[in-house]
Amino acid sequence: MKIMHGEHITYGKVPVERKVTASAVGSYLGLLAILVVLQAVSDDLDLISFLPDVIETLAIPLLPGLITYVSGYVAKHTARPDLPLDQR
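Residues numbered from 1 in each chain as written. Predicted model: local features only at pLDDT ≥ 70, side-chain atom pairs only at ≥ 80, totals over all residues. Heavy atoms only, no water.

1. A closer look at the packing of aromatic side chains
Throughout the structure, instances matching the rule amount to one aromatic pair. Note on Y69 and Y73: the rings are 6.0 Å apart at their centroids and 20 degrees apart in plane angle, and the pair reads as stacked. Placement of the pair is Y69 and Y73 together in helix 2 (residues 53-74), with a separation of four residues, close to one helical turn. (Phe/Tyr/Trp six-rings, centres within 6.5 Å; stacked < 30°, edge-to-face > 60°. Helix = DSSP H or I, 4+ residues; strand = E, 2+ residues; numbered from the N terminus.)

2. What about the side chain of S23?
Within the secondary structure layout, S23 lies in helix 1 (residues 18-43). Residues within four places of S23 in sequence aside, it is in contact with T68, S71 and G72. (Contact = heavy atoms within 4.5 Å.)

3. Quick word on a nonpolar patch on the surface
On the surface, a cluster of nonpolar side chains totalling about 730 Å² of accessible area is made up of L63, L66, I67, Y69, V70, Y73 and V74. The topology assignment puts L66 in helix 2. (Patch = residues over 30% accessible without salt bridge, like charges linked within 9 Å, V, L, I, M, F, W, Y side chains within 5 Å. Areas by Shrake-Rupley, 256 points an atom, 1.4 Å probe, with all protein chains shown as cover. Salt bridge = Lys/Arg side-chain N within 4 Å of Asp/Glu carboxyl O.)

Purely geometric stuff here, so don't read any function into it on its own.
Dropping the structure here:
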């Protein structure tokens, strides 16, 4: 419960923000894709030998974060009609 200017505002069960859900799903799928690629590459290391070593080292950890950011950015905001207009 939050008190603002003498008014008592009670909040119901807050839905999970769509952006949070999209980011979590995007992160999971991104990591899954990387694991699939790593599994395939472990048998044939020539698949990524054309990349410089620095790129190989930096690209794999950056991909899940990038996928998470983009999926959260693209997802729509979850509306909160239970909040006053100035807090939405």
